[in-house]
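Notes for the structure review
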Amino acid sequence: MERKDILTSKERFSSLLLIYGPLLSPTIQRRLGDFYLTDLSLSEIAQNESVSRSAVQQSIKEGEKALLDFEKRLALLKKGRKIASLLEKVEAEEEKSIRDEYIRQIKGELDYGI
C-alpha cells in the first residue's frame, strides 16, 4: 500500500471513529483511538494494556469493520463531507440564484438525516 493510500485510510478511519466511536465497545473504541488518533503502534498499545499484540490487532480489525458497516448504513461521513463541499461553494459563489440553489441542496441533505 502506498504512503498516500495509508494516510487516506488513517484519515478516513479517524473521521469514522470520531463520528461512530461511542457505538463501539469501550475497549475497541480506546484501541482504535490509540491507533488512529494518538498514532500508537500495535506493540505500544499491547504493552500499555498488558495484552498480546494480536489481541490489539484483532480489536482494531473488528472495530474497522464495525465503523465501515456504520458508515455504509448511515453515511454520516459522506453526508457531512457533501454538506461541507456545498458550503464552500456557497461561500465562493457571488450570484445569488446559484447560492440559493446550493443552500436548497444543503437543506435537502439535512432533511435526510444528519
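The residue numbering used here restarts from 1 in each chain and proceeds along that chain's sequence as written. Local features are withheld for residues below a pLDDT of 70 in this predicted model, meaning they are given only at 70 or higher, and side-chain atom pairs are given and counted only at 80 or more; totals for whole chains, interfaces and linings count all residues. Heavy atoms throughout the structure, all of them, feed into the side-chain values; hydrogens and water do not.

1. A short note on the pattern of salt bridges
We count it as follows: Here, a salt bridge means any side-chain nitrogen of Lys or Arg that lies within 4 Å of a carboxyl oxygen of Asp or Glu. Helix and strand assignments follow DSSP, with helices taken as H or I runs no shorter than four residues and strands as E runs no shorter than two, numbered in order from the N terminus. Exposure classes here rest on a 1.4 Å probe applied to the protein chains alone. A residue is buried below 20% of its type maximum, exposed above 50%, and partly exposed in between.
As enumerated under the stated definition, the model contains eight salt bridges in all. Note that R31 is salt-bridged to E49, the shortest N-O span being 2.7 Å. Remark: E49 occurs in helix α3 (residues 42-49) and R31 occurs in helix α2 (residues 26-37); sequence separation between them is 18 residues. Take R31 and E49: they sit in the same class, and that class is buried.

2. A few points about helix α5 (residues 76-92)
Basically, it comes down to this: To estimate how far a helix should extend, the number of its residues minus one is multiplied by 1.5 Å.
Taking 1.5 Å as the rise per residue, α5 with 17 residues should run 24 Å; its terminal C-alpha atoms sit 24 Å apart, in good agreement. If you check which residues of α5 are buried, you get L77, K79, I83, L86 and V90.

3. Quick notes on unusual backbone geometry
Phi is positive for D39, close to 65 degrees, though the residue is something other than glycine. If you trace the backbone, D39 turns up in the loop between α2 and α3. Positioned with a positive phi, S50 is a non-glycine residue whose angle comes to about 55 degrees. Considering the arrangement of structural elements, one finds S50 in the loop between α3 and α4 (53-74).

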